[in-house]
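Chain by chain, the residues:
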Amino acid sequence: MTAMTAPTFGQIKAQVAAIRQKVPHANVIGIRSPGRWTGESIKHDGDQNYEIHQCDSSLAFRLALRQPTADKSTKVLITNLNDHDLGDDALLRLAKRRLFEIDSWQIVRTLFDAHAVDPRLTKHAWIAESLLELKEYPPARGGFLDAETVWPLLLGQAIALSAESPDLTSLLQWSLDAEAMTRFRRCQQDFRDGAIQWLAEKAGPVAEIILHCIARMEKPDALPIGLAAGVVYHPSALGKLEKATGKLEERFLDGKSPKPEHMQRWSQAATEVVRSLRQKGSKVYRQTIQRADEILREVQADGSAYLSDTSPHGFDQRLAHVGEQLSGVIQRGSWENLDGLLDAQQQVRRHDQSDAEKRRLERVDMALRLVRWLKCRRVASLAKLHSFAEAANAHLREGGFIDWARLSLRSGDPVQKLSEAYAKLFEQITQARQQQARVFAKLLTDWTAAGSEGDEVVPVEQILKEFVAPLAAEGLVLVIVVDGMSVAVCRELLPDIMRHEWIAISEPGRHFNRPGLATIPSVTEFSRTSLLCGSLRQGGQQHEKAGFAQHSDLVAHSRSGSPPVLFHKAGLQEPDDSDLAAEVRKEIASTHRRVVGVVVNAVDDHLLKGEQIDTRWSRDVIKVLPALLHEARIARRLVVMLSDHGHVLDCQTEGRAYKDELAGGERWRKAEGDAGEDEFQVEGSRVLVDGQRLIAPWSERTRYGMKKNGYHGGLTPQEMVVPITVLSSTDGFPQGWSEQPIDTPAWWDEPTMEPVVEETPAPILKPIEPQPGGTLFDLEEVDTPPEKIDTLVEPKVVVPQWVVRLLACPVFEDQKRLGGRGVPSHEVFTKLLSVLDGRGGKMTSIALARNLEFAPVRLPGLLAKTERVLNVDGYDILRRDDASDTIELNRDLLLKQFDLVE
């Protein structure tokens, strides 16, 4: 070991600290050093004082000993004399009665309570000097001071790098500290070289590349460089971005050319770090990904930013690619091969920015849904309908979904290519919907002229009688009339409501509720008044209040003195309760008031002034709706949510002016003269204007009034069909009512579906009937013997032979007994396994629920019970992936675990 020739204050402090580990109260210490102390005689370090004397002779040493020592001070005597030069009387007054040599490594061993030091350390004299500057000295493990103990201490002290086992991610996290980077660059070269060598040993060769990069950079760019490297050195870009590679290496890597796999590893670690920053929502995250895009532009690789899962610019490029693929599909007019479009969609979904761009991703999904609808060739399906009831039900079951998806594209996208593709798709779907609207309106005019009636469509004036009165006979009901709510808005709103503990239920004898039908013209003064009064009439709020309170069918089920009560917009809120007026809360909570009604104008108001607003209809968007549903749930009221009429939004409408004597409303006019090409004349008892006839457009692109965000009054299915939704917050359904199964069309949820021409109902097991308050499948139903299973499943459901063998095998029976109470029946297992097997073993939960005709809210419970039986010994035979919302069946593993392998 090397003795230092000139003592430093750090050495002196360390020597004193080492001595005091053995002699805690030593306050006079002698140090032998060939070099002279030339510093100040009084030194302060925190609350400790050091009186340092340079003693060149025995006399000077003795004189220094004689001088008094102040409180909290340590007297340190520096001399080049030996012990025998001083005499025993002088040594007697020193700690340990001797002079100590300045030997840095010896001091280090003492401070760390070590008997040996790692040779990897002792070959560097500067390490000992650095260790003497530490403030704390943890005891060496096993008495051996190794590099794994020393280097974290040195790095923490010198450059604020705290990591006992450093890896690439911890290095990149540390690199975000600009002050630490400055300290690293200013360190002595021998320290930097030693630190790089040790960190490379621990974290791999990529750490060396990163640290050399940091050492020559002024900015803390190691993390964004790593992100940019993910593009420049991407496997699919190798050999294609030589110019960018050269620029990056010249600018940031000192002209060196590392191995591509090393740069890819740097990128992987950088991605991991930046994703952790994203989860924290930090400002540093945004700065880092933006800086990475700047670096890509600097090296001229920004055109390939789409290769990155983190680049904001790359996210836009992926969206642009969706636009290119979508435009190509539309231009070709071929819907059979959608692989390129589906892949582009998945690339967008895999990007980190997708989490922050939910609305834009929704539009991409909506575009894919519309393309799948075109792929199914359902455009002409309404032309084959022969009755108005079929047309109204078609709009309720499918048309509303088409409009929801179509109208979501109305706002376009910031990326021009995608926005242009949306516009093309919007126009194509709109043309198809126009054809369907014409068929619907023609059937409507014929139906109205004939004065037709029937059970399949409920005129708006009959809705309270048909739906609310029977429910009021059994319990409390809250009627929520969302003025102007179309089927499309209802479709968008309903899933969000059902996520908040509400269940949609269906009227007795049906899987789904019937559509309602607005009056003609489909405007508030006629249609809402007729709805709330229970008869065809024109009126305003006062007429509605009186008519609702006097509605004979509702009054028949109301308590004496507590007739139905109705609240309009002005009565729903008050200054001291911004959510819901106290009077409304009181009436909903009352057990005496069987029927409470409220009118919500959020949708109708949106038509007047929402032109530049991209509205996503949810429970919270309609301000009073959460409070209404909350109060209804507390009061255990059923909720009937419906509309008086729908609407069309302004999408390149053509305004037409008529003489005052022909004027009527925004979407209807008096029946004078001939109807135009986009109009029909309609007459009959449900036409509530003078003369019981008028002319109205079947096209959504015609208006007679000033331009607004939306209109109503015409003959389109969007305006005429009224959605009727009944909601329960408990499983105690009214007599005969049952939970609705999934009602989304197949093309809505299934990206891999095959094209079909006609819609066919999902096959169901026979004979199984929904039970009041129960589910389609009774989980505790008595099993049918496996040999009779084939007779219970419709021919369209192919039951694989292995399913029949499974149900008959002893292992399956044992598993069912172990599964406990509520295990599904053989029929349910048959349908579930057959459907999954027919789809290659993997389906979305929505698609599976639809094929089982099972309510989606109940599906997790069914799957949990099924897993208890099938997942033998914990193996994932049936597995749910929450991230992708898919159910997967491992048939090979099932056959092996149940001893069915032939």
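An account of the accompanying structure is given in this report. Chains are numbered independently. Their residues run from 1 in the order of the written sequence. The predicted origin of the model limits local features to residues at a pLDDT of at least 70 and limits the giving and counting of side-chain atom pairs to 80 or more, whereas totals for whole chains, interfaces and linings rest on all residues. Computation of side-chain values covers all heavy atoms of the structure but excludes hydrogens and water.

The secondary structure content of the protein amounts to 38 helices and 27 strands. Compactness check: the protein gives a C-alpha radius of gyration of 40 Å against a globular reference of 29 Å for 902 residues, more than 25% above the reference. Considering only C-alpha atoms, the protein reaches an extent of 130 × 75 × 70 Å along its principal axes. The contact criterion used throughout is that any non-hydrogen atoms of two residues lie within 4.5 Å. Summarising the internal contacts of the protein: among those between residues at least 6 apart in sequence, 74% fall at separations of at least 24. Shrake-Rupley sampling with a 1.4 Å probe provides the accessible areas, and residues are treated as covered by the protein chains on show and by no other component. With the model as given, the accessible surface of the protein reaches about 39,900 Å², and the carbon-plus-sulfur share is 48%. The convention is simple: Lys and Arg are positive, Asp and Glu are negative, and His and the chain ends are not counted. Working definition for charges: the position is that of NZ of Lys, CZ of Arg, CG of Asp or CD of Glu. When the 112 positive and 129 negative side-chain charges of the protein are each reduced to one mean point, those points stand 3 Å apart. Counting from the N terminus, the helices are DSSP H or I runs at least four residues long and the strands are E runs at least two residues long. Just to be clear, the radius of gyration here is over C-alpha atoms, and the globule rule we use is 2.2 Å times residues to the power 0.38.

A few words on the packing of helix H1 (residues 9–22) against helix H5 (residues 104–111). Look at H1 against H5: their axes get within 9 Å of each other, and the N-to-C directions meet at 40°. When the axes of H1 and H5 are compared, the pair comes out oblique. Judged by the sense of rotation from one axis to the other, the crossing of H1 with H5 is left-handed. The segment H1 lies against H5, with Gln-11, Ala-14, Gln-15, Ala-17, Ala-18 and Gln-21 engaging Ser-104, Ile-107, Thr-110 and Leu-111. Across the contact of H1 with H5, the residue classes break down as 5 nonpolar, 5 polar and no charged. Every angle, taken between N-to-C directions, lies between 0 and 180 degrees, and every axis is a line fitted to C-alpha atoms, over only the stretch in contact when it is a helix. With respect to orientation, any angle under 35 degrees is reported as roughly parallel, any angle over 145 as roughly antiparallel, any angle of 65 to 115 as roughly perpendicular, and every other angle as oblique. In this scheme the crossing of two helices becomes right-handed for a clockwise turn of the near helix relative to the far one and left-handed for an anticlockwise turn of less than a right angle. Any residue outside Ala, Val, Leu, Ile, Met, Phe, Trp, Tyr, Cys, Pro, Asp, Glu, Lys and Arg is labelled polar, Gly included; the first ten of those are nonpolar and the last four are charged.

Taken as a whole, helix H34 (residues 810–818) has its buried residues at Phe-812, Gln-815 and Lys-816. Down the axis of H34, the smallest arc covering the buried residues is 100°, so these residues share one side. Among the exposed residues of H34, those oriented more than 90 degrees off its buried face are Pro-810, Arg-817 and Leu-818. Looking one or two places after H34, you find Gly-820, whose phi comes out positive at around 85°. Three labels apply to residues, based on accessible area from a 1.4 Å probe with only protein chains included: buried if under 20% of the type maximum, exposed if over 50%, partly exposed otherwise in between. Read the arc as the range of directions from the helix axis to the C-beta atoms.

Okay, the packing of aromatic side chains next. Stacked, tilted and edge-to-face are the three classes applied to pairs of Phe, Tyr and Trp rings, where Trp contributes its six-membered ring and a pair requires centres within 6.5 Å; stacked means planes under 30 degrees apart, edge-to-face means over 60, and tilted covers the rest. Using the criterion set out here, one finds 16 aromatic pairs in the structure. The interplanar angle of 70° and the centroid separation of 5.7 Å between the aromatic rings of Trp-126 and Phe-191 together place this pair among those described as edge-to-face. With Trp-126 in helix H7 (residues 125–131) and Phe-191 in helix H11 (residues 189–203), this residue pair connects regions lying 65 residues apart in the sequence. The class of Phe-191 is buried, set by a relative accessible area of 6%. Taken together, Trp-126, Trp-151, Phe-191 and Trp-198 form an aromatic cluster joined through their ring pairs. Stacked on the ring of Phe-9, the Lys or Arg Lys-43 has its end atom at 5.1 Å from the ring centre. For the cation-ring pair, Arg-397 lies above Phe-512, with the distance from its terminal atom to the ring centre recorded as 3.9 Å. Think of it as a cone above the ring: NZ of Lys or CZ of Arg counts as a charge over the ring if it is within 6 Å of the ring centre and within 35 degrees of the ring normal.

A negative phi angle is the norm for most residues apart from glycine, just as the trans form is the norm for most peptide bonds. Cis geometry is adopted by the peptide bond preceding Pro-521, which originates at Ile-520 and carries an omega value of 0°. Structurally, Pro-521 can be placed in the loop between strand E11 (516–517) and helix H24 (524–533). The backbone of Lys-72 shows a phi angle near 55°, a positive value even though the residue is not glycine. Its place among the elements puts Lys-72 in the loop between helix H2 (58–66) and strand E4 (73–79). Using a relative accessible area of 62% as the deciding quantity, one classes Lys-72 as exposed. Phi at Arg-97 takes a positive value of approximately 55°, unusual for a residue other than glycine. Mapped onto the secondary structure, Arg-97 falls in the loop between helix H4 (88–91) and strand E5 (99–101).

This paragraph deals with the pattern of salt bridges. Side-chain pairing between opposite charges can occur once the charged atoms of the two side chains come close. Salt bridges are identified by distance alone: a Lys or Arg side-chain nitrogen within 4 Å of an Asp or Glu carboxyl oxygen. According to the stated counting rule, one finds 53 salt bridges in the structure shown. Between Arg-62 and Asp-89 there is a salt bridge; the shortest N-O distance is 2.4 Å. Here Arg-62 is found in helix H2, whereas its partner Asp-89 is found in helix H4, with 27 residues between them in sequence. Given a relative accessible area of 28%, Arg-62 falls into the partly exposed group. For Lys-708, the salt bridge identified is with Glu-666, shortest N-O distance 2.4 Å. You can see Lys-708 sitting in the loop between strand E20 (702–703) and strand E21 (710–711) and its partner Glu-666 sitting in the loop between strand E16 (654–655) and strand E17 (669–670), a full 42 residues away along the chain. Judged by relative accessible area, Lys-708 falls into the buried class, the value being 13%. Among the ionic contacts, a cluster of salt bridges with common partners joins Arg-275, Arg-278, Asp-309, Arg-318, Asp-352 and Asp-355.

Should DSSP find at least two bridges between two strands, the strands are taken to pair. The 5 strands are arranged E2-E3-E4-E1-E5 in an open sheet whose pairing can be described as mixed. Two strands bound the open sheet, and with one partner strand each, they are strand E2 (42–45) and E5. With strand direction ignored, the average angle separating the axes of adjacent strands in the sheet is 30°. Pairing between strand E1 (residues 28–32) and E5: 3 bridges, direction parallel. The residue of E5 that forms the bridge with Gly-30 is Leu-99. Across the face of the sheet, H1 comes into contact with E1, E2, strand E3 (48–55), E4 and E5 while running at roughly 110° to E3.

We now examine the sheet that holds strand E12 (residues 565–567). Across the sheet, 7 strands lie side by side as E12-E13-E9-E14-E23-E10-E24; this open sheet has mixed pairing. Only two strands of the sheet have a single partner each, and these edge strands are E12 and strand E24 (738–739). Where strand E9 (residues 477–482) and strand E13 (residues 595–600) come together, 6 bridges link them in parallel fashion. Residue pairing in the sheet places Val-477 in a bridge with Val-595 of E13.

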